Amino acid sequence: QTTRFPEVLWAQRTDEIYLTFNVPDVENPVLNLTADALTFSGTSEGKEYAVTIDFFKEVSPEESKKSVTARSIYFVIVKKEKDQSYWPRLLKNSGKVHWLKTDFAKWKDEDEDDDAAAGAGGASPFGDMDFSQFGGGDMGGMGGMGGMGGMGGMGGMGGMGGMDFDSMMAGQNFVSDPRSDHVVF
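Given the structure is predicted, the values throughout are model-derived calculations rather than measurements.

Conventions used here
Residues numbered from 1 in each chain as written. Predicted model: local features only at pLDDT ≥ 70, side-chain atom pairs only at ≥ 80, totals over all residues. Heavy atoms only, no water. Helix = DSSP H or I, 4+ residues; strand = E, 2+ residues; numbered from the N terminus. Buried < 20%, exposed > 50% of the residue type's maximum accessible area, 1.4 Å probe, protein only. Contact = heavy atoms within 4.5 Å. Pairing = 2+ DSSP bridges. Polar contact = N/O pair within 3.5 Å; in protein donor to acceptor, adjacent residues only side chain to side chain. Patch = residues over 30% accessible without salt bridge, like charges linked within 9 Å, V, L, I, M, F, W, Y side chains within 5 Å. Areas by Shrake-Rupley, 256 points an atom, 1.4 Å probe, with all protein chains shown as cover. Salt bridge = Lys/Arg side-chain N within 4 Å of Asp/Glu carboxyl O. Lys, Arg positive; Asp, Glu negative; His and termini not counted. Charge placed at Lys NZ, Arg CZ, Asp CG, Glu CD. Core = buried A, V, L, I, M, F, W, Y, C linked by side-chain atoms within 4.5 Å.

Asker: Honestly, the overall build of the chain in this entry has me stumped. Any pointers?
Answerer: Along the chain, the regular secondary structure elements total two helices and 11 strands. Counting helices and strands in the order they occur from the N terminus, the chain gives β-β-β-β-β-β-β-β-β-α-α-β-β. Scored against the burial criterion, the 185 residues of the chain give a buried share of 23%. Partitioning the intrachain contacts of the chain with sequence separation of at least 6 by distance along the chain shows that 55% fall at a separation of at least 24.

Asker: Even after reading the chapter, I still don't get the sheet that holds strand β6 (residues 47-54), so can you show me in this structure?
Answerer: Think of a sheet as strands paired side by side through backbone hydrogen bonds, with each pair either parallel or antiparallel. Spatial strand order, β1-β6-β5-β4: four strands in an open sheet with mixed pairing. Edge strands, defined here as strands with exactly one partner in the open sheet, are β1 (3-4) and β4 (27-33). Two elements, β4 and strand β5 (residues 37-44), share five bridges in a ladder whose sense is antiparallel. Paired with N32 across the bridge in β5 is T39.

Asker: When you look at unusual backbone geometry in this model, what are you seeing that I'm missing?
Answerer: Generally, phi is negative for residues other than glycine and the peptide bonds are trans, each holding for most cases. The residue D25 is not glycine, and still its phi comes out positive at about 50°. Looking at the element boundaries, D25 is found in the loop between β3 (16-22) and β4. A relative accessible area of 48% places D25 in the partly exposed class. Phi is positive for E45, close to 50°, though the residue is something other than glycine. For E45, the position within the fold is in the loop between β5 and β6. According to the relative accessible area criterion, E45 is exposed, its value standing at 56%.

Asker: In this structure, what is going on with the side chain of S44? I would like to understand it.
Answerer: Turning to its location among the elements, S44 is positioned in strand β5. We classify S44 as buried; its relative accessible area is 2%. Within the structure, S44 has its side chain in polar contact with the backbone oxygen of P24 (distance 2.5 Å). Non-local contacts of S44, meaning those with residues more than four positions away in its chain, are made with V23, P24, D25, V26 and Y49.

Asker: Mind showing me how you'd approach a negative patch on the surface here?
Answerer: On the surface, a cluster of negative charge is made up of D109, E110, D111 and E112. Mapped onto the elements, D111 comes out in the loop between β9 (100-102) and α1 (114-119). On the basis of relative accessible area, D111 is assigned to the exposed category, the value being 70%.

Asker: Where do I start with the side chain of S64 in this structure?
Answerer: Here S64 lies in strand β7 (residues 59-68). Of the polar contacts made by the side chain of S64, one reaches the backbone nitrogen of V78; its length is 3.0 Å. With residues up to four places along the chain from it excluded, the contact list for S64 reads L33, V76, I77 and V78.

Asker: How should I be thinking about the nonpolar core in this particular structure?
Answerer: When a protein is soluble and globular, its nonpolar side chains tend to lie buried together. Judged by nonpolar contacts, the single largest core of 22 residues is most densely connected at L19, F21, I53, F55 and L90. At the level of secondary structure, the elements contributing two or more residues to this core comprise β2 (7-12), β3, β5, β6 and β8 (73-79). What I53 contacts, discounting residues up to four positions off in sequence, is V8, L19, F21, D36, A37, L38, L90, L91 and W99.

Asker: Any chance you could explain the pairing of β6 here in plain terms?
Answerer: Within a regular strand, the side chains alternate between the two sheet faces. Relative to β6, β1 runs parallel, the two sharing two bridges. Bridge pairing in β6 places R4 opposite Y49. Sheet topology note: the β5/β6 ladder contains eight bridges and is antiparallel. Each bridged residue has a counterpart across the sheet, and for G42 the counterpart in β6 is Y49. Linking β5 to β6, which pair antiparallel, is a turn of two residues; within it E45 sits at a positive phi near 50°.

Here is the structure:
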């Protein structure tokens, strides 16, 4: 039986790494977190999964936490060097691996202030952004858009399915009528 890589999602803060292993109903998970690597193996839906993640820098296994649920395995891994800048990548070796993806649900850019983002309460994905600088809160700067009132004369067109315009128009001579915007056949 072939061993597969689990899908692993990751995000980070200056002091923590968030990992999610998407392995539903994992049986007999074997997890080993050291200062420089995390190894995982287990069976999910009759398939064997295994991966070793060699970290970019050292982590603190004693302070880190894990949670195994019916759908996934979650880790909050504490970086050994706290309050440093974000790591440029999760893995020690550079290069893309197909099984590792960014967890955009948990990701924050390094320059985002944790307190300001938390203060937004999650009510709006735009946080405290001031929209008044974009032409006013009532969109008053969007004048000149009137006059589109319907497409008169287009009623009853119905569906156009099954029409072959090329054969319909074959041999037709089009002449423009200079007195109007209409095309005369």
